[in-house]
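# Residue-level structure breakdown
The residues making up each chain are set out below.
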Protein chains: 4
Amino acid sequence: MTFDIIRSARAVLHVKDLDASRTFYEALGFVETEADDTHIYYRGLEEHNHHSLLLKKGEEASVEVISYKLMGEEDLDTLASLFDGKGYKVKWMEAGSQKAIGRSFRVQDVSGIPVEFFAKMDTVDRMLQRYDQYRGARVQRIDHFNCMVSDVQKAYNFYTEELGFRCSEYTSSDDEAIWAAWLHRKPSVHDVAFMNGDGPRLHHIGFWLSDQLSLIHACDVLASMGYVDSIERGPGRHGLSNAFFLYLRDPDGHRIELYNGDYLTSDPDFKPIRWDINDPMRQTFWGHEAPDRWFNEASLVQNVHTGRTLPLQEPTLKKKKPTFII
Amino acid sequence: MTFDIIRSARAVLHVKDLDASRTFYEALGFVETEADDTHIYYRGLEEHNHHSLLLKKGEEASVEVISYKLMGEEDLDTLASLFDGKGYKVKWMEAGSQKAIGRSFRVQDVSGIPVEFFAKMDTVDRMLQRYDQYRGARVQRIDHFNCMVSDVQKAYNFYTEELGFRCSEYTSSDDEAIWAAWLHRKPSVHDVAFMNGDGPRLHHIGFWLSDQLSLIHACDVLASMGYVDSIERGPGRHGLSNAFFLYLRDPDGHRIELYNGDYLTSDPDFKPIRWDINDPMRQTFWGHEAPDRWFNEASLVQNVHTGRTLPLQEPTLKKKKPTFII
Amino acid sequence: MTFDIIRSARAVLHVKDLDASRTFYEALGFVETEADDTHIYYRGLEEHNHHSLLLKKGEEASVEVISYKLMGEEDLDTLASLFDGKGYKVKWMEAGSQKAIGRSFRVQDVSGIPVEFFAKMDTVDRMLQRYDQYRGARVQRIDHFNCMVSDVQKAYNFYTEELGFRCSEYTSSDDEAIWAAWLHRKPSVHDVAFMNGDGPRLHHIGFWLSDQLSLIHACDVLASMGYVDSIERGPGRHGLSNAFFLYLRDPDGHRIELYNGDYLTSDPDFKPIRWDINDPMRQTFWGHEAPDRWFNEASLVQNVHTGRTLPLQEPTLKKKKPTFII
Amino acid sequence: MTFDIIRSARAVLHVKDLDASRTFYEALGFVETEADDTHIYYRGLEEHNHHSLLLKKGEEASVEVISYKLMGEEDLDTLASLFDGKGYKVKWMEAGSQKAIGRSFRVQDVSGIPVEFFAKMDTVDRMLQRYDQYRGARVQRIDHFNCMVSDVQKAYNFYTEELGFRCSEYTSSDDEAIWAAWLHRKPSVHDVAFMNGDGPRLHHIGFWLSDQLSLIHACDVLASMGYVDSIERGPGRHGLSNAFFLYLRDPDGHRIELYNGDYLTSDPDFKPIRWDINDPMRQTFWGHEAPDRWFNEASLVQNVHTGRTLPLQEPTLKKKKPTFII
């Protein structure tokens, strides 16, 4: 009984004003696949799946779910059984209940993060070679989720031992307690990262850019449109992951990372890179110090069964001052 | 009696189909200042003058005039006197006779090129920091004209001795005959270049780009819009001028150069760089060989008095095979 | 009995003058892991394996072998059995017989290409964040092999049906005969491509660059060092694969592609993209026409048992004029 | 009696440890023209003059002088007379007293800044097309000086009315008091800027880069060499001047700006751009808030006659909180 999680695939965010969101995400260069009064379906320029970001109009800003794509339908059943067997309460979503997506199931993961697994999504035309449509940051594809959780070690264990994720890089202290971990299924630095903090929360969604200048141009475009305050951190480079990064806050405060600078992690002899929590290069290879809100603020997540946002848990590791978390 | 020519300022091109031209020039990222049924006025993103490229609907593709801007109104009279005194037949254009432009005069220069001088043009908002409006090649400003003339030495002499241009680089053969010369007023490599060939013709108009990736992106955009055959030569780098270049043909065959890679030529101790006509790096520091049409085809120019296109003269220097001209 | 080929991993080229090769490959920014009188071991900046390109001093320029990395030692035995069972004559290379590499086996594949499979290679420090060492094209990692073979359909069938490769893009004619195919194991456009032609030969080795400007800078660097004739084709963009490409010929004529512009091919619902052999955008989305030598010349390959270069076979599909092959 | 100041031309900085300075400036890609035990002469890649930055070993870090280049020898006498006539005490430096430079004179300007004027400097080979020598930030040429002075209005008046500088952009408050001004001779945004503050001090020397990625790469290179603390501010974009900027502190604390993003200011109808001191986009179009030390720290300057550093004057305009000065 095996299953194969391909990659992080989409996020479903609740936003309060779809028009305000549309202006922002269009500025970044997302492709709008379709929309109605309460939904906008976005994808990146190279994506052939229907969407990687779904915005739903909601009463408050929150994260409904983050979704992973599986290799086949049978993987779905196998994986659901695994959760079932461990006492997790799985919620099935039948095919047709969500636009463009086959049957799926949702579950609160070991950290309380609402995750979803599916194997089928409608395909649409790729825009990769429609260069005349490139705008803003020229967003290519979804890359990863970053979650703030109260017990990183627990999340690390579950994802690596049960779900088949591999670790590319991690942060630990002298006693080897894990403060943060970057885990992947596709052979990039990560599909998901976990950081120590009040959780469960979604810290950010990372989207892949094909080059550094698209990121710089995104700053220029955002500033020229009055979004300068939406730029929260960057441009800069993380030591950890080698990311050339820019962190943005959308109109509801959801955090988006524009990301370039990954490397290939396909080989089993690639040993996870350990960064000491006291190494200043780890977080910021270069770049300005992150503002406090980058460390303290993140999106609340929903209970997959009730739709209510989850209360936060204190982290198991004593909070360190901001510069020491990622 | 002195005058000060600031820079190459605008070109007036006749085109047969304004709509076809608009699609092309918009793809390149030109800013349309205004238009009517028979004119489109374009400028680059940093230009505060009304236009640097004027397209006029005409019966055939040709060059009405290329224009230089002077420092003041009095320079205009002084310069006209110079032409008058040498027997050139000057044509005055009164203020108001051309949209957005003060009084000017036109004259067939020593090579037969229709040139115009003016001191005043309406100013408009610069779009330099309207990054949300950047498209295609992100054209910044007009940079230079390149003219094919039958006697380069004669043109060189007139422009350097009478008009105050300085030479940055030139091509000559063992007997020191000048095959091509790059002349400037603003402290860049050139405002105008002259090349040996059937003339008088306008070989191309050069527009300045702020960076190399805008040029690469222009290729992608043009190809995605079906303009792949409009890309005539490049990308590549000229040894001469150090230009990172792309040559395009607009729907009427007028040639546009997208250009990046200049240097500062402000100092009198900067000695003109001589390139031997047999040095292959001169023309193509790297890049594919130019197609024959790049050497053989150019835009016909008008008689400033009659509006009729001028017949061509054989060049004084024996034509060399294409790769040897620029 | 399964096996997992991770990716294309290294090439072993014979060259006649190691010093001449070193000057060339250093200009491109390869990292020299180590060398002796008859070998140079190169890797890209992000590679943690000992080498991805091995140059051996030889009497004539040829390809000794191209190597794929497997997930584990047991995969090696399983895969060797597969070849054995089909009557292929496998040559084992014991651990220690090649520097830095575990045991491996070599075999002439279905097209006659000398291929090697191994699971272990020594690891070394990555240079990814040693930006002070970046030079030239800033080569990041090996990406793919491109082989010219006499029967593409046969190669396609063997690699997809027996070896587990998936097809991302392919070229066919009206009768659906396959003229070229791009096949991958890692989720990129390809680890290996096969093109119709006189074979077996290695057409080129592709190395991944992180951005377009590194490719442009490589042109500038090569030209300034006198290597302008080593630039064979490009810069340009292929429609097929979306590659922003530059093709170089090393001092022995081996062809190196500098490559940027891939996309993620991890999903089973990504349908191979078919390009019609008569679609001009397929080969050159934009860029100058490829020279004939790009189509006609390629590196001869060795018999893995005798070390002698293999004679060429005529292609099964009638040769088309050059622009129609890739 | 006229004179023509061409451009800002060089700075002479005293540093305490030439070896430490060399490591830093080489990392940035400066070209070392020559050096001895107490001097290093640096130039940018496109510069044909002997040097634009002279480091002298000194007891303390300070600015000996900043130098402007004049069009001819006669301009030197005319300009010296102007200073003489207004009671400034001019110090002549005979030809031969300074390496590579003709006769010059030095004077404390209206703000106390030690300035020098010369017309001749030895020429050397340009490295513009020696791309194989490009390193780090690929510094192209000196661009401007930025001076902190106690009375900006006074400096503005002297430079525009007496020295022939033109203003491109300036910062003022509601009562039109000038807080900062950008003044130019060459047709760029500036050769010198003056900012309100404790003066006279040299705030920074700006060097021109040809593109944005060279600046990003400089960050990567500096960080990889342990110079992360030398990066003081940026990358970011100023509203004022449109500069894409990075501010560095050299080992002695002298501030270097890497700069890209200028525009052409050749035309008399280009009206100086006024920025309100309360407009947050003025200083930072986008980018992190500048640290306090960017506002408070600057290099002390020498008395041209005694060589002693000058005491500071309080600014005439009440100091505003840091973000309000530039």
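Residues numbered from 1 in each chain as written. Chains lettered and ligands numbered in written order. Predicted model: local features only at pLDDT ≥ 70, side-chain atom pairs only at ≥ 80, totals over all residues. Heavy atoms only, no water.

### Considerations on the environment of Tyr227(A)
Residue and element names in this part refer to chain A. The topology assignment puts tyrosine 227 in the loop between helix 4 (212-224) and strand 14 (231-237). Sequence separation between tyrosine 227 and proline 251 is 24 residues, and the spatial gap between their C-alpha atoms is 9.4 Å. Residue contacts for tyrosine 227: discarding those within four places in its chain leaves Ala20, Thr23, Phe24 and Leu222. (Helix = DSSP H or I, 4+ residues; strand = E, 2+ residues; numbered from the N terminus. Contact = heavy atoms within 4.5 Å.)

### Some thoughts on the interface of chain D and chain B
Across the contact, 32 residues belong to chain D and 32 residues belong to chain B. When chain D packs against chain B, the two sides together hide about 2,700 Å² of surface, and 55% of this comes from carbon and sulfur. The largest contributions to the chain D side of the interface with chain B come from Gln129(D), Leu264(D) and Asp269(D), which together make up 20% of the buried area. Across the chain D-chain B interface, the total number found is six salt bridges. Counting the contacts that link chain D with chain B gives 20 residue pairs in polar contact (both at pLDDT 80 or more). (Buried area = accessible area lost by both parts, 1.4 Å probe. Salt bridge = Lys/Arg side-chain N within 4 Å of Asp/Glu carboxyl O. Polar contact = N/O pair within 3.5 Å; in protein donor to acceptor, adjacent residues only side chain to side chain.)

### Considering unusual backbone geometry
Note that the residue after Gly199(A), namely Pro200(A), is joined by a cis bond; omega there is 5 degrees. Looking at the secondary structure, you find Pro200(A) in the loop between strand 12 (192-196) and strand 13 (201-208). A cis amide bond links Gly234(C) with the next residue in sequence, Pro235(C), at an omega value of 5 degrees. Checked against the element boundaries, Pro235(C) lands in strand 14 (residues 231-237). The phi torsion at Glu176(A) lies on the positive side, around 70 degrees, for a residue other than glycine. Structurally, Glu176(A) is set in the loop between strand 10 (166-172) and strand 11 (178-184).

### Notes on the side chain of Arg237(A)
Structurally, Arg237(A) can be placed in strand 14. What makes Arg237(A) buried here is its relative accessible area of 3%. Among the polar contacts listed, one links the side chain of Arg237(A) to the backbone oxygen of Asn242(A), at a separation of 2.8 Å. A distance of 3.2 Å separates polar atoms of two side chains, one belonging to Arg237(A) and the other to Tyr131(C). If we skip the residues at most four places from it in the chain, Arg237(A) touches Gln212(A), Asn242(A), Ala243(A), Phe244(A), Phe245(A), Gln283(A), Thr284(A), Phe285(A), Trp286(A), Tyr131(C) and Asp220(D). (Buried < 20%, exposed > 50% of the residue type's maximum accessible area, 1.4 Å probe, protein only.)

### A few points about the pairing of strand 4 (residues 53-57) of chain B
All names here are of chain B. Here strand 1 (residues 5-15) runs beside strand 4; their pairing, made up of five bridges, is parallel. Looking at the pairing, valine 15 lines up with lysine 57 of strand 4. Inspection of the sheet shows strand 3 (residues 39-43) paired to strand 4 by four bridges, in the antiparallel sense. If you follow tyrosine 41 over to strand 4, its bridge partner there is leucine 54. (Pairing = 2+ DSSP bridges.)

### Some thoughts on the relation of the copies chain C and chain A
Each copy of the sequence occupies a distinct position, and chain C is placed on chain A by a rotation of 180 degrees and an axial shift of 0.0 Å, giving an RMSD of 0.0 Å. Both copies of the chain, as the preceding transformation shows, are related through a two-fold rotation axis. In terms of C-alpha distance to the rotation axis, chain C has Asp211(C) as its closest residue, with the C-alpha 2.9 Å off the axis. (Least-squares fit on C-alpha atoms with pLDDT ≥ 70 in both.)

### Describing the UniProt feature "domain: VOC" (unreviewed entry) in chain A
Residue and element names in this part refer to chain A. In the numbering adopted here, UniProt assigns the feature "domain: VOC" (unreviewed entry) to residues 7-120 and 141-261. Taken end to end, residues 7-120 comprises 21% helix and 41% strand; its first and last C-alpha atoms sit 13 Å apart. This span, residues 141-261, is 20% helix and 45% strand, and a straight line between its end C-alpha atoms measures 14 Å. (UniProt positions renumbered as here; feature names shortened; annotations may be inferred.)

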